[in-house]
Amino acid sequence: GTMIRAAEAAGASVIMSPGCADVFNPKVVRSTMGSIFRVPLAVMDLKEAVHKLRKNDVTVYAAALKDSVSLEEIVLEEKRAFIIGNEANGISEGILEEADKKIRIPMKGKVESLNAAVSAAILLFR
């Protein structure tokens with residue numbers, strides 16, 4: 001829900017994999033604060049989504065820690081999409097291979113990762 005709300009604030013659409021949380025779960029709907037009714041949403045296979053995005057000249061970035069480039073080191077393409085994994089397992093290797101680039105959010109201190117919704121918001125506003 002928080003990701004959907006952040007997507008609206010950034011002017012983005014949301015594509016979810018079939019295994020995502022039910023977008024119509026009351027807790028999800030409540031956390032969108034009404035954005036669920038205003039943000040274009042789709043549920044589809046992520047590999048299929050990546051291929052469709054590429055056909056429309058969209059660069060697909062995957063948020064990953066391993067073998068990734070820091071956001072501080074790259075210039076993001078104007079037409080872009082971000083893949084955000086779930087907090088427990090991240091992004092599957094098969095989907096990581098589909099991405100054009102793997103990126104990471106630079107962090108200080110001893111923090112190893114961020115909440116998925118926080119990561120999505122940071123990336124959306126880059």
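Residues numbered from 1 in each chain as written. Predicted model: local features only at pLDDT ≥ 70, side-chain atom pairs only at ≥ 80, totals over all residues. Heavy atoms only, no water.

1. Some details on the sheet that holds strand 4 (residues 69-70)
With parallel pairing, four strands are arranged side by side in an open sheet as 4-6-3-5. The sheet is open, and its two borders are formed by strand 4 and strand 5 (80-83), each paired with just one other strand. Pairing geometry for strand 3 (residues 59-63) and strand 6 (residues 101-104), over three bridges, is parallel. Residue pairing for strand 6: A63 is matched across the bridge by I103. (Pairing = 2+ DSSP bridges. Helix = DSSP H or I, 4+ residues; strand = E, 2+ residues; numbered from the N terminus.)

2. Notes on the nonpolar core
V50, V60, A62, A64, I83, I91, I95, L96 and A99 form the largest nonpolar core, which has nine residues in total. At the level of elements, strand 3 and helix 4 (93-98) are the ones that each hand at least two residues to this core. In this structure, I4, M16, V23 and V39 belong to the second largest nonpolar core, which totals eight residues. (Core = buried A, V, L, I, M, F, W, Y, C linked by side-chain atoms within 4.5 Å. Buried < 20%, exposed > 50% of the residue type's maximum accessible area, 1.4 Å probe, protein only.)

3. Things to note about a nonpolar patch on the surface
A contiguous nonpolar surface patch, about 450 Å² in accessible area, is contributed by L65, M107, V111, L114, V118 and I122. Counting through the fold element by element, L65 comes out in the loop between strand 3 and strand 4. Owing to a relative accessible area of 54%, L65 belongs among the exposed residues under this scheme. (Patch = residues over 30% accessible without salt bridge, like charges linked within 9 Å, V, L, I, M, F, W, Y side chains within 5 Å. Areas by Shrake-Rupley, 256 points an atom, 1.4 Å probe, with all protein chains shown as cover. Salt bridge = Lys/Arg side-chain N within 4 Å of Asp/Glu carboxyl O.)

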